[in-house]
Amino acid sequence: MNTHKTVFPKLEAYARNALTIDERTQVESHLLVCQGCQTALAKYQSALALLKAASAPTLAPQRRLRLYEKLNEERGKKQEALLKIPEALIAQARATGKAMAESAGDVVKASGAAAGLVGASGGQVVKTMGRGAKSVGKKMLRAGKKSANHAKDMVDEAAQTALDSGHILTVETAQVVEESLKNPLKAVSAPLRLAGKGVKAGVRMAQGSLKISASGLKGVLSVAKGSLDVGAEGVKQGGETAKSMLDAAQSALEARNQVAKSLGKGIKKVANAKPEDDGDGNA
Amino acid sequence: MESSEQELLTLLQQNDPRGYEILIEEYADFVFRAAYRVTQNEQDAEDVLQESFLLVYRNAGSFRGDSKFSSWLYRIASNTALDLLRRRKRKEGEDVSFDDADEQDEPFDELADGNASQPEDALLQTESLDLVREALESMPEKLRSAYLLFMVDGLSAPEVAAELNIQLSAAKLRIHRAKLFMAEYFAQVKVEEK
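The rules behind these values
Starting afresh in each chain, residues are numbered from 1 along the sequence in its written order. Chain labels run from A onward and ligand labels from 1 onward, assigned in the order the entries are written. Totals for whole chains, interfaces and linings use every residue, but because this is a predicted model, local features are given only for residues with pLDDT of at least 70 and side-chain atom pairs only at 80 or more, for both listing and counting. Helical segments are the DSSP runs of H or I of at least four residues, strand segments are the runs of E of at least two, and each set is numbered from the N terminus. Buried, partly exposed and exposed are defined by the number of other C-beta atoms within 10 Å of a residue's own C-beta, namely 20 or more, between the two limits, and 12 or fewer respectively, with C-beta atoms placed from the backbone. The contact criterion used here is simple: two residues whose C-beta atoms, placed from the backbone, lie within 7 Å are in contact. The span expected for a helix works out to 1.5 Å for each residue beyond the first. We define the nonpolar core as any set of buried residues of the types Ala, Val, Leu, Ile, Met, Phe, Trp, Tyr and Cys, connected via C-beta atoms lying within 7 Å of each other. Residues are grouped as follows: Ala, Val, Leu, Ile, Met, Phe, Trp, Tyr, Cys and Pro are nonpolar; Asp, Glu, Lys and Arg are charged; every other residue, Gly included, is polar. Note on method: axes are straight lines fitted to C-alpha atoms, helices fitted across the in-contact stretch only, with angles between N-to-C directions ranging 0 to 180 degrees. The cut-offs work like this: below 35 degrees is roughly parallel, past 145 is roughly antiparallel, 65 to 115 is roughly perpendicular, and the gaps in between are oblique. Comment: arc refers to directions from the helix axis out to C-beta atoms. Per-residue confidence from the predictor is reported as pLDDT, which spans 0 to 100.

1. Digging into the overall build of chain A
For chain A, the helix and strand inventory stands at seven helices and zero strands. Walking chain A from its N terminus toward its C terminus, one meets helices and strands in the order α-α-α-α-α-α-α. Counting every position in chain A, which comprises 283 residues, the buried fraction comes to 16%.

Listed below in structure tokens is the structure:
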């Protein structure tokens, strides 16, 4: 019979101490010769220890003491004999309470220092963000002003072009009419000449439009440049803010470590709390 | 019932203070642990501990000795803890049924026999006490009680059934579902870590 095949599935029950005596004996004999089963058992045992630790907090002496007091309170109401609270429990509860109070003081102190550190870092972040916002705002204002100026130039340019073209066309038309009145022969070609003037005026208008477009393009370029400036400033300020936040996070981490260290010390202190000696060698 | 349990019960039924001193020294940790398994909170577990001992003090005469004294005590502690949670949930307007395991719809002949599966396979993958604690806190109470009696206290499935006063099939199913819960919990954590 293959013992390993039989024993291996029983290892977890063995670790839980849930086998019969015969089964335990069988597992233990096999464990002596099987490295694989030894390793697997060690894993099961450490997993179970983890589970046990996670599921079973120990009853602190203070809680046990309060249980005695609670029962005595009930018995006292009925005037029944009270329970005798063990002296060792009272001493242990007192020592643990003292250690807890001291540790709590240390933790409060560490937390205060940590809060100061975190607060200062937070303030720095806020300051940096404020500075960044102000700087980006300035750039935006500048870019906005430039855009407005270019828009105004475009409108002026358009109005001027229309006025010039209209004026020239009116003067030229008047000349053609005047010449037609003076010389009836010229009146024959007047419509043609007027049409030519109209085309010229159109060309002038088109030239004006080109100028307006060029001015618009200039404006667009200026706006784009302004936006780039604003964006670059935003990135720069964002970077500074991020750096400042990283510094703050670093401080918070340090602060947390300080508190954790203090808590760890406190827990050790409470766990190792010993009743004080009464002078006669008795705890 | 064992003779030491019988002696203790006699002292309690006679309302002898020594009986209660023994009760505290020998069973307070056990009751606190049982209460903590339900409440997952040390302060609540202490309240349940005090309430359970007061119940024993008021009702020691009513214990007939049909089951083990420790089983009776365990039931008092877990029922008191469940009452505390129900009261709290009712106050918060939540569902208070605790019917988190439908125990009718799965075959369970192979479950929780100790040999059929390897329950800590999921546990073996972790070394973090905090993670195990979180998993247990997230597990439905019914499953957690059965699982810990089986895994930590080393009770067999029939013993878990007796301790929780439920059918053997229900005990096996709860243990099986608890194992699946742990496996899924750790698998999920692994995925989130990636």
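2. Regarding the overall build of chain B
Helix and strand counts for chain B come out as nine helices and zero strands. Starting at the N terminus and ending at the C terminus, chain B contains elements arranged as α-α-α-α-α-α-α-α-α. The proportion of buried residues among the 194 residues of chain B is 37%. Taking all contacts inside chain B whose residues are at least 6 apart in sequence as the whole, residues at least 24 apart take part in 68%.

3. Quick word on unusual backbone geometry
All names here are of chain B. Within the chain, N15 stands out as a residue other than glycine whose phi angle is a positive 55°. Within the secondary structure layout, N15 lies in the loop between α1 (3–13) and α2 (17–39). Of note, the phi angle at Q40 is positive, near 60°, even though the residue is not glycine. Within the secondary structure, Q40 is located in the loop between α2 and α3 (42–59). The exposure class assigned to Q40 is partly exposed, which follows from the 19 C-beta atoms found within 10 Å.

4. Here we look at helix α9 (residues 168–193) of chain B
Given a rise of 1.5 Å per residue, 26 residues ought to cover 38 Å, and the 38 Å separating the end C-alpha atoms of α9 of chain B matches this to within 8%. Taken together, the buried positions of α9 of chain B are occupied by A171, K172, L173, R174, I175, H176, R177, A178, K179, M182 and F186 of chain B.

5. A few points about the nonpolar core
Note that soluble globular proteins tend to have their nonpolar side chains buried in a common cluster. Core analysis: the biggest nonpolar cluster contains 37 residues, and L51 of chain A together with A146, Y147, F150, V160 and I175 of chain B have the highest contact counts within it. Elements with a minimum of two residues in this core: α2 (11–15) and α4 (35–55) of chain A together with α6 (129–138), α7 (141–151), α8 (157–164) and α9 of chain B.

6. Re the interface of chain B and chain A
The partner chain A presents 32 residues to the 34 residues of chain B that form the contact. For the side of chain B that touches chain A, the elements supplying multiple residues, two or more each, are α2, α3, α5 (121–124), α6 and α7 of chain B. At 10 residues, α2 of chain B tops the list of elements feeding residues into the side of chain B that touches chain A. Of the residues contributing to the side of chain B that touches chain A, the split by class is 19 nonpolar, seven polar and eight charged.

7. Let's talk about the packing of α8 of chain B against α9 of chain B
A pair of packed helices can be characterised by two numbers: the angle between their axes and the separation between those axes. Residues and elements named next belong to chain B. Closest axis-to-axis distance for the α8/α9 pair is 8 Å, and the angle between their directions is 105°. By the criterion of interaxial angle, the relationship of α8 to α9 is roughly perpendicular. Facing α8, whose interface residues are A157, P158, V160, A161 and L164, α9 presents L168, A171, K172 and I175. Of the residues assigned to the contact of α8 with α9, the class counts are eight nonpolar, no polar and one charged.

8. A few points about α8 of chain B
All names here are of chain B. Turning to α8, its buried residues are A157, V160, A161, E163 and L164. For α8, the arc enclosing every buried residue in end-on projection is 165°, short of the 170-degree limit, so these residues lie on one face. Against α4 (69–91), α7 and α9 lie the buried residues of α8. At the C-terminal side of α8, N165 shows a positive phi close to 60°.

9. Details of the confidence of the model for chain A
Averaged over every residue, the pLDDT of chain A is 78; residues scoring 70 or more account for 74%. Here helix α7 (residues 184–271) of chain A stands out as the least confident element of chain A, with mean pLDDT 70; helix α5 (residues 61–77) of chain A is the most confident, with 95.

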